[in-house]
Amino acid sequence: MSFVLPLLDWYEVNARDLPWRSCQTPYRIWISEIMLQKTQVDTVIPYFERWMDRFPDIATLATAEIGEVLSIWEGLGYYRRAHNLHKAARKLVLEGQGELPQTPEELIRLPGIGPYTTAAIASIAFGADVAAVDGNIRRVFSRLFNVDVPARSTDGEKIIGSLAEQFLPSGKAGIYNQALMDLGAMICTPKDPACDHCPIAQECLAKQLGLQTSRPVASPRKKVPHLTVTAAVIWRDDQVLLAKRH
């Protein structure tokens, strides 16, 4: 399958203009990837710019009080991300590094950095040949190879991860990962994918079969339990009985 070169050519012309790409440093890439966890790009941009104005580097972040860090983060949600950024910055400074480590093995030891974030930072910031698989990339590969098992299942994750690694072009992992992310965000969208504008549509097995809107396969929904609950309010005169839950 020869989708990689057309994908990279498309990305060179159509890459999204994002503030963490205009000036790519390991620190900026790290902050952007943490902010983008469970958060839309358009929401992140003003927070990222505000963060960089106040905390332009690891040392500045490490010496800040957590209250100020949370204040800058306020409104972005999932506040544990901000706590972990602060913890990681202090850890790096205390250990005498002051800079992000360059290998995936070291990156993943930092607070708040999981497998995807590790791969994204390692490939984009340091050129490591590792594939990153986020929701956009998972969707692209599910359609491109017509993966017929739930994308978020153990088997689905294994298949898609293996495919992402298999086609990774040596020395170009950062561009490859970002191109797949942008394709998923701009063209291969969850609903109504713009297949007519897709640079790799001719290679897409799901499109050939007319199944692109059925991929990725969703995981079965968990049954919502039905519970019968009895409640009572007990009061005497103007007093109400309260029971503390343990």
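Residues numbered from 1 in each chain as written. Predicted model: local features only at pLDDT ≥ 70, side-chain atom pairs only at ≥ 80, totals over all residues. Heavy atoms only, no water.

**Student:** Before we go on, may I ask you to explain the overall build of the chain in this structure?
**Tutor:** If you tally the helices and strands in the chain, you get 13 helices and two strands. Considering only C-alpha atoms, the chain reaches an extent of 80 × 50 × 30 Å along its principal axes. With 246 residues in all, the chain has 43% of them scored as buried. Long-range pairs, those at least 24 residues apart, make up 62% of the contacts in the chain between residues at least 6 apart in sequence. Charge separation in the chain, taken as the distance between the mean sites of 27 positive and 27 negative side-chain charges, equals 9 Å. (Helix = DSSP H or I, 4+ residues; strand = E, 2+ residues; numbered from the N terminus. Buried < 20%, exposed > 50% of the residue type's maximum accessible area, 1.4 Å probe, protein only. Contact = heavy atoms within 4.5 Å. Lys, Arg positive; Asp, Glu negative; His and termini not counted. Charge placed at Lys NZ, Arg CZ, Asp CG, Glu CD.)

**Student:** Help me out: how do you make sense of a nonpolar patch on the surface in this one?
**Tutor:** Where nonpolar side chains cluster on the molecular surface, the patch consists of Val-233, Trp-235, Val-240 and Leu-242 and spans about 510 Å² of accessible area. For Leu-242, the position within the fold is in the segment after strand 2 (239–240). A residue is classified by how much of its surface remains accessible, and Leu-242, at 74% relative accessible area, is exposed. (Patch = residues over 30% accessible without salt bridge, like charges linked within 9 Å, V, L, I, M, F, W, Y side chains within 5 Å. Areas by Shrake-Rupley, 256 points an atom, 1.4 Å probe, with all protein chains shown as cover. Salt bridge = Lys/Arg side-chain N within 4 Å of Asp/Glu carboxyl O.)

**Student:** Can you help me understand the packing of helix 3 (residues 26–35) against helix 9 (residues 115–126) in this one?
**Tutor:** A pair of packed helices is captured by two measures, namely the crossing angle of their axes and the spacing between those axes. Where helix 3 contacts helix 9, the axes come no closer than 10 Å and their chain directions differ by 150°. What the angle tells us is that helix 3 and helix 9 run roughly antiparallel. As for the relative orientation of helix 3 and helix 9, their crossing is right-handed in sense. Taking contact as the criterion, the partners of Pro-26, Ile-29, Trp-30, Glu-33 and Ile-34 in helix 3 are, on helix 9, Tyr-116, Thr-117, Ala-120, Ile-121, Ile-124, Ala-125 and Phe-126. Residues of the contact of helix 3 with helix 9, tallied by class, amount to 10 nonpolar, one polar and one charged. (Axes fitted to C-alpha atoms, helices over the stretch in contact; angles between N-to-C directions. Parallel < 35°, antiparallel > 145°, perpendicular 65-115°, else oblique. Left-handed = near helix turned anticlockwise from the far one by under 90°. Nonpolar A, V, L, I, M, F, W, Y, C, P; charged D, E, K, R; others polar.)

**Student:** How should helix 12 (residues 173–186) be read in this particular structure?
**Tutor:** Note on helix geometry: an α-helix contains 3.6 residues per turn, so any two residues three or four positions apart are oriented the same way. When the terminal C-alpha atoms of helix 12 are compared, their 20 Å separation across 14 residues agrees well with the 20 Å that a helix rising 1.5 Å per residue should span. Extensive coverage of helix 12 is indicated by the burial of 11 of its 14 residues. Among the residues of helix 12, those classed as buried are Ala-173, Gly-174, Tyr-176, Asn-177, Gln-178, Ala-179, Leu-180, Met-181, Asp-182, Leu-183 and Gly-184. In this structure, the buried side of helix 12 is in contact with helix 1 (4–14), helix 2 (19–22), helix 9, helix 10 (135–144) and helix 11 (154–166). (Expected span 1.5 Å × (residues − 1).)

**Student:** Even after reading the chapter, I still don't get the pattern of salt bridges, so can you show me in this structure?
**Tutor:** Once the charged atoms of two side chains with opposite charge are near each other, the side chains can pair. With the rule as written, the count across this model stands at five salt bridges. Note that Lys-91 and Glu-95 form a salt bridge whose closest N and O atoms lie 2.9 Å from each other. A relative accessible area of 31% means that Lys-91 is categorised as partly exposed.

**Student:** Teacher, can you tell me more about the packing of aromatic side chains here?
**Tutor:** Aromatic ring pairs are defined here through the distance separating the ring centres and the angle between the ring planes. The full count for this structure, using the stated rule, is nine aromatic pairs. The interplanar angle of 65° and the centroid separation of 4.9 Å between the aromatic rings of Trp-51 and Phe-55 together place this pair among those described as edge-to-face. For the pair shown, Trp-51 and Phe-55 are each scored as buried. A cation sits over an aromatic face here: Arg-50 above Tyr-47, 4.8 Å from the ring centre. (Phe/Tyr/Trp six-rings, centres within 6.5 Å; stacked < 30°, edge-to-face > 60°. Lys NZ or Arg CZ within 6 Å of the ring centre and 35° of its normal.)

**Student:** Looking at this model, I keep getting lost on unusual backbone geometry. Mind explaining?
**Tutor:** Across the chain, the bulk of peptide bonds are trans and the bulk of non-glycine residues have phi less than zero. Pro-216 follows Arg-215 through a cis peptide bond whose omega is 0°. Mapped onto the fold, Pro-216 is located in the loop between helix 13 (205–208) and strand 1 (235–236). A positive phi angle is found at Asp-192, which is not glycine, with a value near 50°. Counting through the fold element by element, Asp-192 comes out in the loop between helix 12 and helix 13. A relative accessible area of 70% places Asp-192 in the exposed class.

**Student:** Where do I start with helix 9 in this structure?
**Tutor:** Over its 12 residues, helix 9 runs 16 Å from end to end, which matches the ideal 16 Å to within 8%, given 1.5 Å per residue. Three or more residues of helix 9 are buried, namely Thr-117, Thr-118, Ala-119, Ala-120, Ile-121, Ala-122, Ser-123 and Ile-124. Contacts from the buried residues of helix 9 go to helix 3, helix 8 (104–107) and helix 12. Positive backbone phi, at 70°, marks Gly-127, one or two positions downstream of helix 9.

In short, the description is geometric, and any link to function would need to be established separately.
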